[in-house]
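Notes for the structure review
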Amino acid sequence: MNIQGIISLKQGRDHSVKRFHPWIFSGAIQSATETLQDGDWVEVKDARKTTVGFGHYQKGTITVRMITFGEKPNEDLYQSKIKKALQVRVEANVISDQTNAYRLVHGEGDGLPGLIIDIYHDVAIIQAHSAGMQRDKGLIATAVGSVLPTAGFRMSAVYFKSMQEKTESEYLTGMAVVPHVVLEHGNKFLIDWEEGQKTGFFLDQRENRKLLGEMAKGKAVLNTFCYTGGFSVYALQNGATLVHSVDASEKAITLTRKNLELNGYNPTTHACVAEDTFDFLKDKKDVYDLIILDPPAFAKHKDSRHQAVKGYQRLNAEAMKMIKPGGIIFTFSCSQVVDRQLFYDTIVSAGIQAGRQIKVLHHLSQPADHPVSLYHPEGEYLKGLVLYVA
Ligand code: SAH
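Everything numeric in this text was worked out from a predicted model, so none of it was measured. (Residues numbered from 1 in each chain as written. Predicted model: local features only at pLDDT ≥ 70, side-chain atom pairs only at ≥ 80, totals over all residues. Heavy atoms only, no water.)

1. What to know about the site of the ligand
For the ligand, the set of nearby residues contains 16 residues, the closest of which are Gln197, Asp247, Asp276, Thr277 and Asp294. At 3.1 Å, a side-chain N or O of arginine 209 approaches an oxygen atom of the ligand. Between aspartate 247 and the ligand, the recorded distance is 2.7 Å, taken from a side-chain N or O atom to an oxygen atom. When isolated, the ligand has an accessible area of 580 Å², and the protein chains bury 87% of it. Split by residue class, the shell around the ligand holds 7 nonpolar, 4 polar and 5 charged. (Near = heavy atom within 4 Å. Polar contact = N/O pair within 3.5 Å; in protein donor to acceptor, adjacent residues only side chain to side chain. Areas by Shrake-Rupley, 256 points an atom, 1.4 Å probe, with all protein chains shown as cover. Nonpolar A, V, L, I, M, F, W, Y, C, P; charged D, E, K, R; others polar.)

Below is the structure:
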């Protein structure tokens, strides 16, 4: 790797990076090479001029995203990191003949801050959340294209899904047609990475969908914020008597209908409704035995945390008021700035507002293909609770 400059840290501001926290904040920097450009590789040194590691530079609050701690990265850096990431998924038993959609690289959790790689059977989708990963996308595509086939997995295409308006999404290698059918615990889903949200599917709910399936038999289910209808398909496959799916986006509802049909269910019997969840819930008292609440991140920044908490509280209180006695609620938050404790406290106040007796049956999180570095707790973003409402 070509190293374009040096960042020196202030005295006393090198502790967190020495404990493998991958972010260097602008306030910790003593001096930086003047010519540095967003996306450059930099060497990071402590106040005594000892090398701490190497990473991607980008002007902003997080100025360096660390990629190696110690050794200078060489040309096969991405190859060896992606190979390790694949080993983790294999060890954790994520991939099987029943599941061929998974996250291969989860940013900081895989030592590659700013990089997401999702695999949909034989297609890899790369997303760059930093200028450095965006610039290195060609190297990354080459690495994915060699690691997966070497390990015995077929690869037809690597697609770069842009996060910025200025940059085009494109196939970096090969071609594939959308939508693509994948398997998740034996359930079929259509994936459209070109038009869909994120990389086309929310892989992080895989194990929570499975648990929902185990609890859905004989129940009337409401899946709100359903997007592709993931939870709806699992509920039906496991014997739910009725499933209603709701999403504000017409596109999402069309996709949900298609996914129900693909798995052999009738989207007329099991209604898919394009409506705001808050409106839909208004007149649904004692209709459902099981309700899923999986809204988008209500807060993306700390400034909007208070607003987000109020949103979660209102949504959960409404569902708690409406659900049948003895009903189950699967409730989630994917806002990084709302931590597990704050989410829990918010659910407590929703319960008080609804005035129902409620027990916690499960604490849920993200699956093994979305790992969290022990030294980077910020990486845990998905929180969920399974509630029994008496
Ligand atoms: N549960 C889904 C992922 C949810 S993503 C899964 O398992 O894949 C969040 C979804 O909420 C998006 O599809 C978005 O269109 C929808 N959404 C956002 N605001 C909404 C609202 N007020 N009412 C209903 N749906 C909404």
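2. Things to note about the packing of aromatic side chains
Aromatic ring pairs are defined here through the distance separating the ring centres and the angle between the ring planes. For the structure on display, the rule yields 11 aromatic pairs. Each ring, one from phenylalanine 202 and one from tyrosine 227, has its centre 5.3 Å from the other, and the planes form 85°; the classification is edge-to-face. With phenylalanine 202 in the loop between strand E13 (187-191) and helix H5 (206-215) and tyrosine 227 in the loop between strand E14 (220-224) and helix H6 (230-237), this residue pair connects regions lying 25 residues apart in the sequence. The class of tyrosine 227 is buried, set by a relative accessible area of 8%. A centroid spacing of 5.9 Å and a plane angle of 80° characterise the contact between tyrosine 312 and phenylalanine 343, whose relative ring orientation is edge-to-face. Of this pair, tyrosine 312 sits in helix H9 (residues 305-322) while phenylalanine 343 sits in helix H10 (residues 340-354), placing them 31 residues apart in sequence. For the pair shown, tyrosine 312 and phenylalanine 343 are each scored as buried. Through successive ring pairs, a cluster of aromatic residues spans Phe20, Phe69 and Tyr375. Sitting above the plane of the phenylalanine 160 ring, lysine 137 keeps its charged end 4.6 Å from the centroid. (Phe/Tyr/Trp six-rings, centres within 6.5 Å; stacked < 30°, edge-to-face > 60°. Helix = DSSP H or I, 4+ residues; strand = E, 2+ residues; numbered from the N terminus. Buried < 20%, exposed > 50% of the residue type's maximum accessible area, 1.4 Å probe, protein only. Lys NZ or Arg CZ within 6 Å of the ring centre and 35° of its normal.)

3. Structural notes on the environment of leucine 290
Positionally, leucine 290 belongs in strand E17 (residues 290-293). According to the relative accessible area criterion, leucine 290 is buried, its value standing at 0%. C-alpha separation for the pair leucine 290 and asparagine 316, spaced 26 residues apart in sequence, amounts to 13 Å. Beyond its immediate sequence surroundings of up to four residues, leucine 290 is in contact with Leu212, Met215, Ala216, Lys219, Ala220, Val221, Leu222, Ile323, Ile328 and Phe330. (Contact = heavy atoms within 4.5 Å.)

4. Notes on the side chain of asparagine 263
Secondary-structure assignment places asparagine 263 in the loop between helix H7 (250-262) and strand E16 (272-274). Asparagine 263 has contacts with Asn187, Lys188, Val233 and Gln237, leaving out every residue within four places of it along the chain.

5. Some details on the domain arrangement of the protein
It is common to give the size of an interface as the accessible area lost on bringing the parts into contact. Domains assigned within the protein are domain 1 (3-69), domain 2 (77-185) and domain 3 (202-389). Relative to domain 3, the C-alpha centre of domain 1 lies at a distance of 40 Å. (Domains from an automatic or database assignment.)

6. So, helix H4 (residues 137-150)
The end-to-end C-alpha separation of H4 is 20 Å, in line with the 20 Å expected for 14 residues at 1.5 Å each. Within the sequence span of H4, burial applies to Lys137, Ile140, Ala141, Ala143, Val144, Val147 and Leu148. The arc that holds every buried residue of H4, seen down its axis, measures 165°, which confines them to one face. For H4, the exposed residues lying more than 90 degrees away from the buried face are Thr142 and Thr150. (Expected span 1.5 Å × (residues − 1). Arc of directions from axis to C-beta.)

7. Observations regarding the sheet that holds E16
Spatially, the 7 strands line up as an open sheet ordered E16-E15-E14-E17-E18-E20-E19, and their pairing is mixed. Both edges of this open sheet fall to E16 and strand E19 (358-364), since each of them pairs with a single strand only. Each neighbouring strand pair of the sheet contributes to a mean axis angle of 15°, computed without reference to strand direction. Strand direction decides the pairing type here: strand E15 (residues 242-247) and E16, joined by 3 bridges, are parallel. Among the inter-strand pairings, serine 245 is bridged to a residue of E16, identified as cysteine 272. Across the sheet, H7 lies against E15 and E16, angled at about 170° from E16, the strand it touches most. (Pairing = 2+ DSSP bridges. Axes fitted to C-alpha atoms, helices over the stretch in contact; angles between N-to-C directions.)

8. Quick look at the layout of surface pockets
Empty space among the atoms becomes apparent when a probe as large as a water molecule is rolled across them. In this structure, the second largest pocket encloses a volume near 490 Å³. Taken together, 24 residues line the second largest pocket, and the ones lying closest to its centre are Ile67, Lys81, Lys84, Asp110 and Gly111. Classifying every residue of the lining of the second largest pocket by side-chain character gives 11 nonpolar, 6 polar and 7 charged. In terms of domain composition, the lining of the second largest pocket takes at least three residues from each of domain 1 (3-69) and domain 2 (77-185). (1 Å grid on protein atoms, 1.4 Å probe; cavity = no way out; pocket = protein on both sides within 12 Å on 5 of 7 lines; lining within 4 Å. Points joined across faces, edges and corners; volume = space filled by probe spheres on them.)

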